[in-house]
2 protein chains.
Amino acid sequence: MTLPPSDSSRPTLGIIAGGGAVPLTVATAAMESGRPVVIFAIRGEASAGVERFPHHWIRWGEIGRLFDLLVREKVGDIVISGSVTRPDFTSIRVDLGAVLSLPKILSLMVGGDDTVLRGVVRFFEDRGYSVVGAHEVAPLLVADVGQLGRVRPTASQSHDVAKGFEAARVLGTLDIGQAVIALTGRVVGVEGVEGTDELIARIADLKSRGRLKWSGREGVLVKAAKPQQDLRVDMPTIGPKTVEAVAAAGLAGIAVESGRVMIVDRAETITVADRHKVFLVSERLGGVEAQVVAEDVP
Amino acid sequence: MTLPPSDSSRPTLGIIAGGGAVPLTVATAAMESGRPVVIFAIRGEASAGVERFPHHWIRWGEIGRLFDLLVREKVGDIVISGSVTRPDFTSIRVDLGAVLSLPKILSLMVGGDDTVLRGVVRFFEDRGYSVVGAHEVAPLLVADVGQLGRVRPTASQSHDVAKGFEAARVLGTLDIGQAVIALTGRVVGVEGVEGTDELIARIADLKSRGRLKWSGREGVLVKAAKPQQDLRVDMPTIGPKTVEAVAAAGLAGIAVESGRVMIVDRAETITVADRHKVFLVSERLGGVEAQVVAEDVP
């Protein structure tokens, strides 16, 4: 793969950045592919690392200013990436653009989480921008098929992986959670709206109370995307903290759907997994095609 | 239905009784149908109410004595019923029968919960007894189809009931939990090994932390049996406490699979549901036939 020089005739990639390392990974990947980048860093959310790249700091509520900057910077595609805390809406000072968008914004906020995300995508698309996924710009954010670290699952652990994927696939079609925990041949925990961290904590708690018993390291956290999930703005994610939690719970490993689950800080995640002797594997789920576009995002 | 006089030519029904009201309900139903009954009440578990019926108190570990009593009382069929705390195995004094059965008992104890129950059934069957379900002797323990209390679900609540049953049926085929909670059109919680009480508590907790939002009463607890579940010794159960927990969580109602979910203390359960304005409905799950035998247990 060659690294073309920055090509100012290509439309600029705008990265609307919340917290964490993912926006920086996306910016780096885009620049390495020769694509001009500007980060729109949300103040109070994005890390100071954004200042290594062309950037503007924006505040919650500065929607008019954001759209002015998008035009001025000749942005064509947008990546929305990084964690956000729920903003304190009462303290937000809104600009004129936000006031004009208010009916739309309010209608987004009353929906469920998925509705909000779909609405945010449509909000930008209605204004002529195309929203692309972080993993489409930086394919290394998602796992390819196979074993990622040094630890290999045992035969019985591989059986738990298969059990978990079987359940995760079905749960996905029902639009339930993204994660399950399978242990010694059966699914013992299923993620609902509480999220993966609380699912892992629940299994650890059941073990500490003697309601679940196993010795040594057993059991696997399996995470997959729902078939209908909009991976551009809502991708299942694991990272070093997930590995730490899995290890602390006494589980043996993590299995993710390849191409459709984001690994935040891949190198560190694998290092931590190896250190804790946690296996980390990735499998393609039957019937679901992963969409990873390496360089040329339309 | 006539109540035949007690018929000493029919084999006696032996009820191995743990705690709670269900063993007493079974004993009453059997006697009302003219069938001789003897309760084998586990000390420390069964309620004092067993003393209204022919009974023997037995201790954990008195397996030899239990089989002697089963012979002496001419027991043919056995119901195993009622709650048990996990006995403190270190303090159990075992009799000769237990010692002779020890290899078998140990092999039961190392399996999972379902394996133990299947093993217990086989343990009695291998000795010539047939194990029948509490609901086969006392059909009123399970719900028939329809609305049980005075509260009727709204259209959107009925939609949640349908969503919940759809998920519960699929989860059952995967041998996962027996219960889900559906809220405003989606499944928000799924029971794993933690049980129904903790599932309800989790949803209440998510609401109190603002992670789930709804106003008034919404959402339904849906409970169904797994297709492969041995209903003779392992039946999903709801009762007055389930209704109290559902009401405290701000949920609107409970839906159970008719014929295959036990309602402990039916009258009290309905009274509590009406008092808290919680709906209580029962539906037959497609593709699964309920087996309720009213009187003549083979």
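Shown above is the structure to which this text applies.
One structure accompanies this document, and this report is about it.

Rules behind the numbers
- Residues numbered from 1 in each chain as written.
- Chains lettered and ligands numbered in written order.
- Predicted model: local features only at pLDDT ≥ 70, side-chain atom pairs only at ≥ 80, totals over all residues.
- Heavy atoms only, no water.
- Helix = DSSP H or I, 4+ residues; strand = E, 2+ residues; numbered from the N terminus.
- Buried < 20%, exposed > 50% of the residue type's maximum accessible area, 1.4 Å probe, protein only.
- Contact = heavy atoms within 4.5 Å.
- Least-squares fit on C-alpha atoms with pLDDT ≥ 70 in both.
- Buried area = accessible area lost by both parts, 1.4 Å probe.
- Salt bridge = Lys/Arg side-chain N within 4 Å of Asp/Glu carboxyl O.
- Polar contact = N/O pair within 3.5 Å; in protein donor to acceptor, adjacent residues only side chain to side chain.
- Nonpolar A, V, L, I, M, F, W, Y, C, P; charged D, E, K, R; others polar.
- Pairing = 2+ DSSP bridges.
- Axes fitted to C-alpha atoms, helices over the stretch in contact; angles between N-to-C directions.

**What to know about the overall build of chain A**
In terms of regular secondary structure, chain A is built from 9 helices and 13 strands. Buried positions account for 53% of the 298 residues belonging to chain A. Contacts spanning at least 24 positions in sequence make up 75% of the contacts within chain A whose residues lie at least 6 apart.

**With respect to the relation of the copies chain B and chain A**
At an RMSD of 0.1 Å, chain B and chain A line up after a rotation of 179° and a shift of 0.1 Å along the axis. Both chain copies can therefore be described as sitting about a two-fold axis. Proximity to the rotation axis, assessed at the C-alpha, singles out V190 of chain B in chain B; its C-alpha lies 3.0 Å from the axis. Mapped onto chain A, 100% of the interface residues of chain B again fall at the interface, so both copies present the same surface.

**Comments concerning the interface of chain B and chain A**
Contacts between the two partners involve 21 residues from chain B, matched on the other side by 21 residues from chain A. Counting the surface lost from both chain B and chain A, the interface buries some 2000 Å², and carbon and sulfur atoms represent 58% of this. Taken together, the connections running from chain B to chain A amount to 6 salt bridges. Here E194 of chain A makes a salt bridge to R202 of chain B, at a shortest N to O gap of 3.7 Å. Counting across the chain B and chain A interface gives 10 residue pairs in polar contact (both at pLDDT 80 or more). Mapped by element, the contributors of at least two residues to the side of chain B that touches chain A are α6 (155–173), β8 (186–190) and α7 (196–208) of chain B. In terms of residue count, the dominant contributor to the side of chain B that touches chain A is β8 of chain B (5 residues). Of the residues belonging to the side of chain B that touches chain A, the class tally is 11 nonpolar, 3 polar and 7 charged.

**Topic: the pairing of strand β9 (residues 220–223) of chain B**
All names here are of chain B. Here β9 shows a buried face lined by V220 and V222 and a second buried face lined by L221 and K223. Here strand β7 (residues 179–183) runs beside β9; their pairing, made up of 4 bridges, is antiparallel. In the sheet register, I181 faces β9, and the bridge partner there is L221. As paired elements, β9 and strand β11 (residues 253–257) share 4 bridges and run parallel to each other. Bridging from a neighbouring strand, V222 pairs with A255 of β11.

**Some remarks on the sheet that holds β11 of chain B**
All names here are of chain B. Spatially, 6 strands are ordered β6-β13-β11-β9-β7-β8 in an open sheet, and the strand pairing comes out mixed. Single-partner strands in this sheet number two, and they are β6 (146–147) and β8. Strand contacts of α7: β7, β8 and β9, with the helix running at about 25° to β7, the strand carrying the most contacts.

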